[in-house]
Amino acid sequence: MTIKAVQSENLWTETPLVYSSHISDIIGCSAYLKLENLQPSQSFKYRGISKFAQQCKDKHGPSVHLMIASGGNAGLAAAVVARVLEVKCTVFLPTNVSIDTQQALRKHGAEIVTIGKFYSQTLAALQDAVKKDTNAVLVPAYDSPVLWDGHSSMVTEMQRQLPKKPDAIFCSVGGGGLIGGIMQGCKNVGWDEVPVVALETTGSNCFYNAIAINTQNFTSKVPIVPSIEVEDNSPYTVEIVEEYNIAIPHMKALKSRAASLGATSPAPGVVRMAVDRAGGIKCACIPDEMAMHTARLFGDDHKILTELACSTTLTPGYNREFLLRILGPTFSTLSSEERKEKCLVFVVCGGVKISFEEMMEFEEIVAAAQVQSYWSVQIDGEETQLPKQ
């Protein structure tokens with residue numbers, strides 16, 4: 001595809017949706033994997049960021065300078081699209097981002113700036129830099145309706161690829177870009193009643209906290225904007241975002257190895273979509289060790305390496321009790337024959353921040369955690385213990 005051709009076309013390519021016999025056997029229903037992880041141009045982040053970047057070049061011309069703050073994956077998407085569009089790109093990264101991730105970005109022609117311990121600090125440094133460059137445009141990593149619109153294309157593809165309407169869609173959540181795209185996509189294709197399940201790791205769960213705050217700990221379907229006051233020992237502060245009339249938590253610290261889920265606060269517009277959504281959102285948090293365990297199992301079964309942000313999505317597929325607890329009585333009370341007719345989709349979002357060495361480290365961490373016979377998880381405001389499977 002030529003540069004001229006892509007100016008008027010989407011830059012992303014359709015991604016496969018495949019049936020997983022392994023997961024289907026475990027959970028007793030049809031499980032499909034939407035593979036958003038095969039290469040940079042086949043990822044959900046590339047969908048939205050390429051759409052945003054195209055609009056920037058159309059508006060500002062070939063001298064536009066794309067600048068983005070990222071933990072790695074959004075930066076890679078920006079670097080790849082900048083190379084395709086032949087424009088300049090600079091990626092601001094937190095200081096803890098690995099050398100391998102930095103090298104991957106440089107290979108695609110991006111300039112790198114490492115600054116800040118957390119993403120929020122990196123973003124603040126980027127915002128200052130953008131003010132000093134007249135050609136610069138700040139590319140959002142997850143908080144933009146343009147991104148959500150681009151991401152939504154994966155649901156349009158699902159509608160064509162699936163044999164029937166899904167009974168639930170599972171995804172991980174960091175700042176909310178992916179789930180924002182899924183909700184927008186469901187609305188576009190008439191799937192507003194399809195349950196969407198948001199999974200995070202404990203200690204990196206700003207979206208879970210946001211939904212809890214705005215629904216009185218998952219007890220009210222009507223969004224309730226609370227007082228801005230929180231207890232001193234709370235893991236977050238709260239801001240009322242008047243544009244969306246929504247309360248947004250800002251995590252004081254992140255305590256998870258799932259770096260790609262490491263947003264300290266979610267996109268307010270996505271939180272608003274979630275609490276207003278007809279089909280609602282189901283939320284769950286898991287320990288890092290459970291995500292690590294799932295990453296190894298998924299790698300063995302499907303021969304695909306996934307970082308923890310992705311394996312978090314897959315944990316209900318490897319623990320039937322977890323799946324049934326999330327989906328509730330309308331699913332758990334079905335007979336085995338009835339359950340076989342159900343169709344679930346897991347968005348495999350991949351990511352570049354994983355290696356064989358890390359997988360080996362994960363195995364050691366999981367082995368040390370086996371002294372306990374259960375996983376401690378949170379599902380819609382309730383803490384529960386799941387048998388390890």
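Shown above is the structure to which this text applies.
Everything in this summary refers to the structure shown in the same document. (Residues numbered from 1 in each chain as written. Predicted model: local features only at pLDDT ≥ 70, side-chain atom pairs only at ≥ 80, totals over all residues. Heavy atoms only, no water.)

**Brief notes about the packing of aromatic side chains**
Enumeration according to the criterion identifies 4 aromatic pairs in this entry. Both rings, one in Tyr19 and one in Tyr32, keep their centres 5.6 Å apart while their planes meet at 70 degrees; by these two values the pair is edge-to-face. Here Tyr19, found in strand β1 (residues 17–19), pairs with Tyr32, found in strand β2 (residues 30–35); they are 13 residues apart in sequence, far enough to count as distant. By relative accessible area, which is 45% here, Tyr19 ends up partly exposed. The residue whose ring lies beneath Lys388 is Trp375, and the NZ or CZ to ring-centre distance is 4.3 Å. (Phe/Tyr/Trp six-rings, centres within 6.5 Å; stacked < 30°, edge-to-face > 60°. Helix = DSSP H or I, 4+ residues; strand = E, 2+ residues; numbered from the N terminus. Buried < 20%, exposed > 50% of the residue type's maximum accessible area, 1.4 Å probe, protein only. Lys NZ or Arg CZ within 6 Å of the ring centre and 35° of its normal.)

**Quick word on the sheet that holds strand β6 (residues 136–138)**
Strands sit in the order β5-β4-β3-β6 across an open sheet of 4 strands; the sheet is parallel. Only two strands of the sheet have a single partner each, and these edge strands are β5 (111–114) and β6. Taken pair by pair, the neighbouring strands of this sheet meet at an average axis angle of 25 degrees, ignoring direction. Note: strand β3 (residues 65–69) against strand β4 (residues 88–93), 5 bridges, orientation parallel. (Pairing = 2+ DSSP bridges. Axes fitted to C-alpha atoms, helices over the stretch in contact; angles between N-to-C directions.)

**Details of helix α5 (residues 99–107)**
The set of residues buried in α5 consists of Thr101, Gln102 and Leu105. Projected down its long axis, α5 shows its buried positions confined to an angular sector of 100 degrees, all on one face. For α5, the exposed residues set more than 90 degrees away from the buried face come down to Ile99, Asp100 and Lys107. Among the structural elements, α4 (73–85), β4 and β5 are those in contact with the buried residues of α5. With its phi angle positive at about 90 degrees, Gly109 sits one or two positions after the end of α5. (Arc of directions from axis to C-beta. Contact = heavy atoms within 4.5 Å.)

**As for the nonpolar core**
Counting residues in hydrophobic clusters, the biggest one holds 132 residues, and the most contacted among them are Ile179, Ile182, Phe207, Phe322 and Leu344. Broken down by element, this core gets its largest block of residues, 9 residues, from α4. In this structure, Ile179 is in contact with Cys171, Val173, Val196, Ala198, Phe207, Val270 and Ile281, ignoring residues within four places of it in sequence. (Core = buried A, V, L, I, M, F, W, Y, C linked by side-chain atoms within 4.5 Å.)

**Focus: unusual backbone geometry**
One non-glycine residue with positive phi stands out, namely Asn245, at about 50 degrees. Classification of Asn245 by relative accessible area gives partly exposed; the value is 46%. Positioned with a positive phi, Asp380 is a non-glycine residue whose angle comes to about 45 degrees. Tracing the backbone through its elements, the reader meets Asp380 in the loop between β13 (374–379) and β14 (382–387). A relative accessible area of 25% means that Asp380 is categorised as partly exposed.

**Points about the side chain of His65**
By secondary structure assignment, the location of His65 is in strand β3. We classify His65 as buried; its relative accessible area is 5%. A distance of 2.7 Å separates the side chain of His65 from the side chain of Thr90, its partner in a polar contact. Each residue touching His65, except ones within four places of it in the same chain, is listed here: Lys88, Cys89, Thr90, Asp133, Asn135, Ala136 and Val137. (Polar contact = N/O pair within 3.5 Å; in protein donor to acceptor, adjacent residues only side chain to side chain.)

**Some points on the sheet that holds strand β7 (residues 168–172)**
Two strands in a sheet stick together by hydrogen bonds in their backbones, pointing the same way (parallel) or opposite ways (antiparallel). Read from one edge to the other, the open sheet built from 8 strands follows the order β1-β2-β12-β7-β8-β11-β13-β14, with strand pairing classed as mixed. Both outer strands of the open sheet, β1 and β14, are each paired with one neighbouring strand and no more. Taken over all neighbouring pairs, the strand axes of this sheet differ in orientation by 25 degrees on average, direction set aside. Judged from the 6 bridges that link them, strand β8 (residues 196–201) and strand β11 (residues 281–286) form a sheet pairing that is parallel. Note that in β11 the partner of Glu200 across the bridge is Cys285.

**Structural notes on the environment of Leu261**
Tracing the sequence through the fold places Leu261 in the loop between β10 (246–251) and α11 (268–276). Leu261 sits in the buried class, given a relative accessible area of 2%. Sequence separation between Leu261 and Ala104 is 157 residues; the distance between their C-alpha atoms is 19 Å. Those residues in contact with Leu261 that sit more than four places away from it in its chain are Ser172, Val173, Gly174, Glu200, Thr201, Ser204, Ala309 and Thr312.

**Regarding the packing of helix α12 (residues 288–302) against helix α17 (residues 356–369)**
With their axes 9 Å apart at the nearest point, α12 and α17 run at an angle of 125 degrees to one another. Judged by the inter-axis angle, α12 sits oblique to α17. For the pair α12 and α17, the sense of crossing is left-handed. Between α12, through Glu289, Met292, His293, Ala295 and Arg296, and α17, the contact on the second element is made entirely by Met359, Phe362, Glu363, Ile365, Val366 and Ala369. Of the residues contributing to the contact of α12 with α17, the split by class is 7 nonpolar, 1 polar and 3 charged. (Parallel < 35°, antiparallel > 145°, perpendicular 65-115°, else oblique. Left-handed = near helix turned anticlockwise from the far one by under 90°. Nonpolar A, V, L, I, M, F, W, Y, C, P; charged D, E, K, R; others polar.)

**Topic: the pairing of β3**
A large share of β3 lies buried, amounting to 5 of its 5 residues. Here β3 shows two buried faces, one formed by His65, Met67 and Ala69 and the other by Leu66 and Ile68. For the crossover that starts at β3, traverses α4 and ends in the parallel β4, the hand is right-handed. Relative to β6, β3 is paired through 3 bridges, and the arrangement is parallel. By the bridge assignment, His65 is partnered in β6 with Ala136. (Right-handed = clockwise from strand over helix to strand, strands pointing away.)

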